[in-house]
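# Structural characterization, general
Residue-level listing of the chains:
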Amino acid sequence: MKPPRANRYRDCWAGQLRADAVGQTRRVSGWVHRRRDHGGLIFIDLRDRTGLIQLVFRPDESPEAHEQAGRLRAEDVLTAAGPIESRDEANVNPNLPTGEVELNVASFELLADADTPPFPIDEDTEVGDELRLRYRYLDLRRERMRRNIELRHEVVQTIRGHLNEEGFLEIETPILTRSTPEGARDYLVPSRLQRGSWYALPQSPQLFKQLLMVSGFERYYQIPRCFRDEDFRADRQPEFTQLDMELSFVEEDDVIEVCDPLIRSVLAAGGIELELPIERISYDDAMLRYGTDRPDRRLGMEIQDLGEAFAGSEFKVFSGALAGGGVVRGLRAREGEFPRSRMDALTERAQALGAKGLVWAVVEAEGWRSPIAKFLGAEEIARANELLDAREGDALFVVADEPVVAAKVLGELRLELAEGEPEGHDLVWVTDFPMFGWSEDEQRFDALHHPFTAPLGDLDGDPAEWRSRGYDVVMDGWEIGGGSIRNHRADIQQKVFDALGIGPEEAGERFGFLLDALRYGAPPHGGVAFGLDRIVALLAGEGSIRDAIAFPKTGTGVDPLTGAPAPVDERQLRELGVKVERPPGGSPSG
Ligand code: ASP
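Report on the accompanying structure. (Residues numbered from 1 in each chain as written. Predicted model: local features only at pLDDT ≥ 70, side-chain atom pairs only at ≥ 80, totals over all residues. Heavy atoms only, no water.)

This part covers the overall build of the protein chain. Along its length, the protein chain carries 16 helices and 26 strands. Its C-alpha atoms put the protein chain at 95 × 75 × 55 Å along the principal axes. Residues counted as buried form 48% of the 590 residues belonging to the protein chain. Only carbon and sulfur atoms are counted for the fraction: they give 48% of the accessible area of the protein chain, which is about 29,700 Å². Here the protein chain contributes 71 positively and 106 negatively charged side chains, and the mean placements of these two sets differ by 5 Å. (Helix = DSSP H or I, 4+ residues; strand = E, 2+ residues; numbered from the N terminus. Buried < 20%, exposed > 50% of the residue type's maximum accessible area, 1.4 Å probe, protein only. Areas by Shrake-Rupley, 256 points an atom, 1.4 Å probe, with all protein chains shown as cover. Lys, Arg positive; Asp, Glu negative; His and termini not counted. Charge placed at Lys NZ, Arg CZ, Asp CG, Glu CD.)

Applying the stated criterion across every chain, the model contains 1 cavity of 30 Å³ or more. For the largest cavity, the calculated volume is near 100 Å³. Secondary structure elements with two or more residues in the lining of the largest cavity: helix H4 (143-165), helix H6 (252-269) and helix H15 (532-540). Here the lining of the largest cavity takes 4 residues from H6, the largest share from any one element. Across the lining of the largest cavity, the residue classes tally to 11 nonpolar, no polar and no charged. (1 Å grid on protein atoms, 1.4 Å probe; cavity = no way out; pocket = protein on both sides within 12 Å on 5 of 7 lines; lining within 4 Å. Points joined across faces, edges and corners; volume = space filled by probe spheres on them. Nonpolar A, V, L, I, M, F, W, Y, C, P; charged D, E, K, R; others polar.)

Two descriptors summarise a pair of aromatic rings, namely the distance from one centre to the other and the angle between the planes of the rings. Following the criterion strictly, the structure yields 15 aromatic pairs and no others. Taking the centre distance of 5.2 Å and the plane angle of 45° together, the rings of Tyr283 and Phe433 count as tilted. Pair noted here: Tyr283 is in helix H7 (residues 283-290) and Phe433 is in the loop between strand E19 (427-431) and strand E20 (436-439), with a separation of 150 residues, a long-range link. For Tyr283, a relative accessible area of 15% translates into the label buried. Judged by centre distance (4.4 Å) and plane angle (50°), the ring pair of Phe310 and Phe318 falls under tilted. (Phe/Tyr/Trp six-rings, centres within 6.5 Å; stacked < 30°, edge-to-face > 60°.)

Time to look at the site of the ligand. Taken together, 13 residues are adjacent to the ligand, and Glu182, Gln206, Lys209, Gln242 and His450 come closest. One of the side-chain N or O atoms of Gln242 is found 2.8 Å from an oxygen atom in the ligand. Here an oxygen atom of the ligand and a side-chain polar atom of His450 are 2.8 Å apart. Here the ligand loses 88% of its free accessible area of 270 Å² to cover by the protein chains. Broken down by secondary-structure element, the contributors of at least two residues to the shell around the ligand are helix H5 (206-214), strand E25 (478-485) and strand E26 (525-531). Examining the composition of the shell around the ligand, we find that 3 residues originate from one element, E26, more than from any other. (Near = heavy atom within 4 Å. Polar contact = N/O pair within 3.5 Å; in protein donor to acceptor, adjacent residues only side chain to side chain.)

In short, the description is geometric, and any link to function would need to be established separately.
Encoded structure:
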């Protein structure tokens with residue numbers, strides 16, 4: 001950081017003082033990080049954003065300053081001036097960039113008193129989330145959070161720099177808008193001027209970025225806030241930040257090849273080296289090998305198809321599943337303890353996930369130790385061992401079921417069985433998604449990406465068979481981005497709407513502006529959006545996106561700092577023409 005303009009508070013940054021300043025008189029400002037009284041001397045670590053400098057107060061040289069320093073407490077704010085001196089050799093602190101020097105205080109001024117903070121600022125102690133968020137401005141003073149916020153800044157600047165170079169234009173889109181269908185519930189804002197009408201906060205700028213392509217901007221990006229009103233789910237935020245991009249006249253490869261070097265630059269900002277190209281695997285392959293479309297390949301333990309080993313099995317659970325269009329798949333755990341109680345717990349877990357059962361086996365020299373071993377032939381066991389690359393002592397888990405159930409169950413077991421912290425990082429593009437998933441609850445198709453994704457396949461045939469031109473990018477088992485090639489023709493867009501049960505009339509009402517735009521010469525286009533909060537959290541090594549956001553909300557959407565959401569005046573509601581029905585016995589909400 002450039003030196004600050006000298007004024008009455010400071011002429012340098014605390015964290016930038018080095019041996020070359022010895023002999024000069026300097027003025028610093030900041031917070032009392034820590035105070036130590038030592039053999040008549042008082043030492044204070046003074047903190048500003050750049051780091052710490054040790055102030056020393058000597059009673060023989062500056063009795064007045066020394067006397068006043070005795071009353072300073074943690075987090076008081078002060079400005080201090082005096083000569084920079086070398087520390088005695090015994091007092092040099094090699095862990096501190098300023099550790100060779102100290103500022104011998106000739107005079108100082110207390111600029112603000114601090115109450116005792118509710119948690120220590122100078123240590124990375126565990127503090128409850130609620131308390132951290134209530135006093136977020138203090139939590140942000142702590143080194144770990146300061147670093148995360150600095151890293152976030154780095155990442156954002158890297159993105160801007162990179163995309164500007166590539167010819168992308170940064171364009172803002174409205175926050176007060178119409179419902180945009182990313183599949184979540186909207187946040188609504190009542191209109192005062194048009195009573196009874198509502199704005200929706202955008203779940204993403206999806207439709208606007210497509211309109212920008214129709215406008216001919218070719219390459220767009222934005223780092224927008226997105227709003228999704230979802231029920232409590234661990235580590236979700238009601239508002240979150242994306243890097244949103246869209247390009248014209250492109251296909252999947254073009255988008256991915258623009259993203260790869262961008263991702264590499266972003267990771268480099270977090271100190272992670274990435275080799276390009278980022279590998280790609282198909283959705284089907286990911287589901288087969290990892291049981292999920294968000295694979296963390298660092299865990300190893302790939303799921304294997306064992307159909308071939310058990311095709312003719314006498315064991316009806318296996319052969320029956322195979323004959324009925326199902327699969328027999330398994331995975332192998334190499335390390336770990338597998339007492340019977342753990343096997344039973346894993347079986348219960350598999351059943352809770354929807355499997356009819358779980359077959360387990362421990363590989364022994366003579367065969368399998370397993371409740372079902374007696375139903376299997378030696379050859380079947382040998383072939384299964386071979387497919388699973390199993391050796392003595394390994395534990396094996398096999399599921400015979402429908403493919404989706406087998407994938408889900410084995411995918412979860414794989415995560416549970418993984419031992420130890422995986423090393424390094426794993427990035428992968430997942431491509432060739434199905435277009436729709438079937439929602440049992442609602443008895444209809446849901447778009448796996450969103451309804452503006454272009455479909456592939458026989459569009460006059462069964463939509464269950466359609467594939468999509470969508471793609472996701474996954475880092476360490478987290479989906480960090482996703483996008484698709486879009487429908488740039490109104491007739492194809494309507495076919496997708498039809499499959500989703502959105503007839504022309506409803507489509508016209510909800511998305512008429514997009515369908516209209518597609519009739520005025522829309523270029524083929526596609527894009528992607530990345531979850532910025534998640535990326536920063538991953539780079540910072542944080543488990544929660546909250547630690548990558550300056551002012552996040554709790555999992556229930558509450559901000560303990562400001563108290564939002566909060567009731568509003570009757571008068572405000574009257575102006576808006578809004579009547580609030582209070583839940584019976586519930587708290588006031590208006
Ligand atoms: N709008 C999508 C999302 O927010 C991303 C995209 O398709 O570009 O997930």
